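Chain and residue survey
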Amino acid sequence: MAGNSFGQLFRITTFGESHGAAVGVIIDGCPPNIEIDEEFIQSELDKRKPGQSRITTQRKESDTAQILSGVFEGKSTGTPLAIVIPNEDQRSKDYDHNKDIFRPSHADYTYQAKYGIRDHRGGGRSSARETAARVAAGAVAKLFLRQQGIEVFAHVSSAGKIDAPNLSSDDLASLLEIRESNIVRCADPATANEMIEMIDGIRKQGDTVGGKISCLIRNCPVGLGEPVFDKLHADLGKAMLSINAVHGFEYGSGFAGSEMKGSEHNDIFQPAEGDKGITTLTNFSGGIQGGISNGMDIMFRVAFKPIATIMQSQQTIDAEGNSAEIKGKGRHDPCVVPRAVPIVEAMAALVIADHLLRQKAIR
């Protein structure tokens, strides 16, 4: 199966299935002498792991990361860094009912048509279980970016039709504390309570709901991104759209920018305070111009669809093309966005780490 690797210089390859022995990742290109904080890596995985609250799947996984190579005396060696995360709570029998039936809006039919075989147990490789490996790799990328003073922060900015207000980016530590104080991972407490009540109600109906995650990257240097096919926002878009259930990506003013006039949308340059180069009065560009970072905050949003597995009966067909009926069983998220926050941050960190190394290679 192709398409399991991501990045050019800071490159990852993930492996594993939802109901296999483990999922894992090999990181190739991580610079040497990076402090590999295993507690930090585990804390990132803990934010993604299942069974966190009543509004997430009740599958119980410790998601304990085991580093197999690439680290010596707490530092990266520059050689391939391998991390494995064992699967501990598979219930494959929960999927026996859909062995020969295609679940609506899942990858069952497309995998069967593409490969002539599929792992029906939780979707196999198409399961979001694979993203645990990305979070582990993204944590290593964050440790690298931390040395460069670069910060990545994301939160749930909408669930269904409930939107959080735009947040000030001045104090990310405070926003992080607020975000982690509620189970929906929204950095606005009042909106978080409203979201939780709505999602819990959807769960009790046996249904699901989508949402959006907003992400901010601070202190990114000017010059990251390539001018044509590897534009920084294009690679961020590819990274986000590779995440399960993602149906949309926009950066800066996004789609709303199409409704503005140029005189309203242009970001006017001005000298930065002190001796810090150039800044802009507004940031409709989302920190990226011509596909290259301009030193302003990089801002983007990611839209997630409702999870396809619902606890209601639906019409479908079986592998022979006959009409069939299916109802979800097992343990599933009523809304994916609370657990997707660390995934979005991880993929953003991987893109920035890769482009940072690419920029260092040419300058």
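Please refer to the structure higher up on the page.
Rules used in this analysis
- Residues numbered from 1 in each chain as written.
- Predicted model: local features only at pLDDT ≥ 70, side-chain atom pairs only at ≥ 80, totals over all residues.
- Heavy atoms only, no water.
- Salt bridge = Lys/Arg side-chain N within 4 Å of Asp/Glu carboxyl O.
- Helix = DSSP H or I, 4+ residues; strand = E, 2+ residues; numbered from the N terminus.
- Buried < 20%, exposed > 50% of the residue type's maximum accessible area, 1.4 Å probe, protein only.
- Axes fitted to C-alpha atoms, helices over the stretch in contact; angles between N-to-C directions.
- Parallel < 35°, antiparallel > 145°, perpendicular 65-115°, else oblique.
- Contact = heavy atoms within 4.5 Å.
- Nonpolar A, V, L, I, M, F, W, Y, C, P; charged D, E, K, R; others polar.
- Polar contact = N/O pair within 3.5 Å; in protein donor to acceptor, adjacent residues only side chain to side chain.

**Notes on the pattern of salt bridges**
- Inspection of every chain in the model, using the stated rule, returns 20 salt bridges.
- With its nearest N and O atoms 2.7 Å apart, the salt bridge here joins glutamate 44 to lysine 142. Of this pair, glutamate 44 sits in helix H1 (residues 38-48) while lysine 142 sits in helix H3 (residues 131-147); the two residues are 98 residues apart in sequence, bridging distant segments of the chain.
- Owing to a relative accessible area of 3%, glutamate 44 belongs among the buried residues under this scheme.
- Under the relative-accessibility criterion, lysine 142 is labelled buried at 12%.
- Measuring nitrogen to oxygen at the nearest pair gives 3.3 Å for the salt bridge that ties arginine 48 to aspartate 63.

**Considering the packing of H1 against helix H8 (residues 337-362)**
- The N-to-C vectors of H1 and H8 enclose an angle of 140°; their axes lie 7 Å apart at closest approach. With respect to their mutual orientation, H1 and H8 come out oblique. Seen from H1, the contacting residues are Glu44, Lys47 and Arg48; seen from H8, they are Arg339, Pro342, Ile343 and Glu345.
- When its residues are assigned to classes, the contact of H1 with H8 shows two nonpolar, no polar and five charged.

**Some remarks on the side chain of aspartate 108**
- Tracing the backbone through its elements, the reader meets aspartate 108 in helix H2 (residues 108-115).
- Residue classification places aspartate 108 among the buried residues on the basis of a relative accessible area of 4%.
- Looking at aspartate 108, its side chain comes within polar contact range of the side chain of arginine 103, at 2.8 Å.
- In this structure, aspartate 108 is in contact with Asn98, Ile101, Phe102, Arg103 and Arg118, ignoring residues within four places of it in sequence.

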